[in-house]
Amino acid sequence: MQGEDPFDQGAGSILRQPKAVWATAGASVVAFMGIGLVDPILPSIAKGLEATPSQVSLLFTSYFLITAVAMLVTGFVSSRIGGRKTLLTGLALVVVFAALSGTSSSVAELVGFRAGWGLGNALFVSTALAVIVGAAAGGSSAAILLYESALGLGMACGPLLGALLGDVSWRYPFFGTAALMAIGFICITAFLKEQPKPARKTSLLDPIKALGHGGLASVATSAFFYNYAFFTILAFTPFVLNMTPYKSGAVFFAWGLLLAVFSVLVAPRLQKRFGSLKVLGASLVLLAVDLVILGYGNHTAAIVCTIVSGAFIGMNNTVYTELALGVSDAPRPVASAGYNFVRWFAAAAAPYLAPKIEEWSNIHIPFVVAAIAAVVGAVVVRVRRRALTHEAEELEPKHATEDGVTVFAN
């Protein structure tokens, strides 16, 4: 994406896209809202269902564990029934299980329904990226930024919606999500035409085989540790802040806004100036520092650091997505599935382990562990920088120009 401006008003602008792309992106916003939706109401859910923080954290664990495993299935399904039907199937599952989540009478029921929700979200989210990339005007750069815009907006609006509806009842945010996803289902049905199926059907093992590529495996490994840090903030911090749904929702709304701004506006410019790998490594280290301050600071510092972490998470998300899609020669849907299969396991582990680590030690240590994970992610980027390189200018080679052609020598 270096050297081009996706916000240029020409034909390749991120702002000039077919209706099908906007419909898919809009539904993606709601899908990502579902991730942060429960953040401001986690204490309310714990109180309403008489559950402990570690029990309530299973809402994230079941959701992302199923999402991770389902990544192996998404390409298999979409290559057989097509992207449009896969999107609609995922949306339908989210509508059903989000509505059922609102009817739960126990933590066990809610955890189970969230698992079904995770399956639907996996089918939708992984396919949505491929559909947007395939249908967007302006190539993959504009498509990825549009996808990251949807992610950022969804992450910002999810906690806000959760707070507004959750202040009345912790059940209402689930019903609200079901209603919004039903609207997304209608929009996809109306505006998205079936895209051509791939010439070769994807097998269940293709995403695993794709991870045999050193670059993709390195991206996934680094992202695994990063996601542990990311979801420690998302799932554990609400209990540390211990605020009303409105106040917690406001904090995570500001967090999500920073995530959106830095993923869409700041990250591309920093990448153009410094290169993707340097931006990613620095952002991971700064996230680690932020986590330590969050863990050991006072309540005000915890609020500020939670919000600021959105900036680093936004930059990381953009760079990781581009690396995963461009670092190997595997088809984008297959590469994305393999990458997400690995990283979502960390998203499942962090919400469960963070409160357990607090029980075993104290409230500071979960953030120290998350900070260490972020640093490990940065170390992987540094050690594996050659395998991770997907843009010529990031190879940092010595070069000479012969007859107008740049020749690179490692």
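No experiment lies behind these values; they were computed from the predicted model shown.

Trainee: Could you give an account of the overall build of the protein, with specific residues and numbers?
Mentor: From N to C terminus, the protein includes 16 helices and 2 strands. Per-residue burial for the protein yields a buried fraction of 55% across its 410 residues. Considering only intrachain contacts with a sequence separation of at least 6, the fraction spanning at least 24 residues in the protein is 84%. Per element, the accessible surface of the protein, about 16000 Å² overall, is 66% carbon and sulfur.

Trainee: Please give an account of the confidence of the model for the protein that cites residues and values.
Mentor: With 89% of its residues at a pLDDT of at least 70, the protein reaches an overall mean of 82. Contacts of residues 391-410 to residues separated by more than four positions or lying in other chains number 29 contacts, the stretch itself having pLDDT below 50.

Trainee: With reference to specific residues and values, describe the nonpolar core.
Mentor: Among the nonpolar cores identified, the biggest contains 122 residues, and I45, F64, F174, F231 and W255 are the most heavily contacted of them. It is helix α10 (residues 214-241) that contributes the most residues to this core, 15 residues altogether. Not counting residues up to four positions away in its chain, the partners in contact with I45 are E50, V56, L59, L110, W170 and F174.

Trainee: Requested: an account of helix α6 (residues 107-135), with residues and values cited.
Mentor: Between the first and last C-alpha of α6 there are 40 Å, a value that for 29 residues agrees with the 42 Å anticipated at 1.5 Å per step. The buried count for α6 comes to 22 of 29 residues, which makes it a mostly enclosed element.

Trainee: Which residues make up the packing of helix α5 (residues 83-101) against helix α8 (residues 172-191), and what values go with them?
Mentor: Each packed pair of helices is defined by two parameters, the angle between the axes and the distance between the axes. At a closest axis distance of 8 Å, the pairing of α5 and α8 adopts a crossing angle of 160 degrees. Looking at the two axes, α5 sits roughly antiparallel to α8. For the pair α5 and α8, the crossing hand works out as left-handed. On the side of α5, the interface is formed by R84, L88, L91, A92, V94, V95, A98, A99 and S101, while α8 contributes F174, F175, T177, A178, M181, A182, G184, F185, I188 and T189.

Trainee: Please provide a residue-by-residue account of helix α11 (residues 245-274), values included.
Mentor: Roughly 45 degrees is the biggest bend found in α11, and it falls at V266, with proline P268 one to four residues downstream. Once α11 finishes, G275 follows within two positions and takes phi at roughly 95 degrees, a positive value.

Trainee: Please give an account of the side chain of T321 that cites residues and values.
Mentor: One can find T321 in helix α13 (residues 299-326). Apart from the residues within four sequence positions on either side, T321 is in contact with L129, I144, E148 and Y339.

Trainee: Describe the packing of aromatic side chains, with residues and values.
Mentor: The tally for this structure, following the rule as stated, stands at 15 aromatic pairs. A ring pair is formed by W117 and F174, whose centres lie 6.0 Å apart and whose planes are at 75 degrees; its orientation type is edge-to-face. Taken together, the residues span a long stretch of sequence, with W117 in helix α6 and F174 in helix α8 at a distance of 57 residues. Summarising the burial analysis for this pair, W117 and F174 share the class buried. Their ring planes at 25 degrees and their centres at 4.4 Å tell us that F230 and F231 sit as a pair that is stacked.

Trainee: Tell me about the side chain of T67, residues and numbers included.
Mentor: By secondary structure assignment, the location of T67 is in helix α4 (residues 58-81). When sequence neighbours within four positions are dropped, the list of residues in contact with T67 reads G118, A122 and W344.

Trainee: Could you give an account of a nonpolar patch on the surface, with specific residues and numbers?
Mentor: On the surface, V73, L204, L205 and I208 cluster together into a nonpolar patch covering about 310 Å² of accessible area. Mapped onto the elements, L204 comes out in the loop between α8 and α9 (206-210).

Trainee: How would you explain the environment of C187 if you had to name every residue and give the values?
Mentor: Among the structural elements, C187 can be located in helix α8. Using a relative accessible area of 27% as the deciding quantity, one classes C187 as partly exposed. The sequence separation of C187 and A27 amounts to 160 residues, and the corresponding C-alpha distance is 8.0 Å. Contact partners of C187, with chain neighbours within four places excluded, come to A23 and L192.

Trainee: I'd like a description of the environment of A337, backed by residues and values.
Mentor: Looking at where A337 falls in the secondary structure, it is placed in helix α14 (residues 332-360). For A337, a relative accessible area of 1% corresponds to the buried category. Along the sequence, A337 and A68 sit 269 residues apart, while their C-alpha atoms lie 8.8 Å from each other. Residues contacting A337, with those up to four places away along its chain left out, are M71, T74 and P207.

Trainee: Which residues make up the pattern of salt bridges, and what values do they have?
Mentor: One pass over the structure, following the stated rule, counts 1 salt bridge. Ionic pairing is found between K356 and E359, a salt bridge with its closest N-O pair at 4.0 Å. You can see K356 and its partner E359 sitting in helix α14, 3 residues apart, about one turn around the helix.

Calculation rules
- Residues numbered from 1 in each chain as written.
- Predicted model: local features only at pLDDT ≥ 70, side-chain atom pairs only at ≥ 80, totals over all residues.
- Heavy atoms only, no water.
- Helix = DSSP H or I, 4+ residues; strand = E, 2+ residues; numbered from the N terminus.
- Buried < 20%, exposed > 50% of the residue type's maximum accessible area, 1.4 Å probe, protein only.
- Contact = heavy atoms within 4.5 Å.
- Areas by Shrake-Rupley, 256 points an atom, 1.4 Å probe, with all protein chains shown as cover.
- pLDDT = per-residue confidence, 0-100.
- Core = buried A, V, L, I, M, F, W, Y, C linked by side-chain atoms within 4.5 Å.
- Expected span 1.5 Å × (residues − 1).
- Axes fitted to C-alpha atoms, helices over the stretch in contact; angles between N-to-C directions.
- Parallel < 35°, antiparallel > 145°, perpendicular 65-115°, else oblique.
- Left-handed = near helix turned anticlockwise from the far one by under 90°.
- Bend = angle between axes of the 7 residues up to and from the residue.
- Phe/Tyr/Trp six-rings, centres within 6.5 Å; stacked < 30°, edge-to-face > 60°.
- Patch = residues over 30% accessible without salt bridge, like charges linked within 9 Å, V, L, I, M, F, W, Y side chains within 5 Å.
- Salt bridge = Lys/Arg side-chain N within 4 Å of Asp/Glu carboxyl O.

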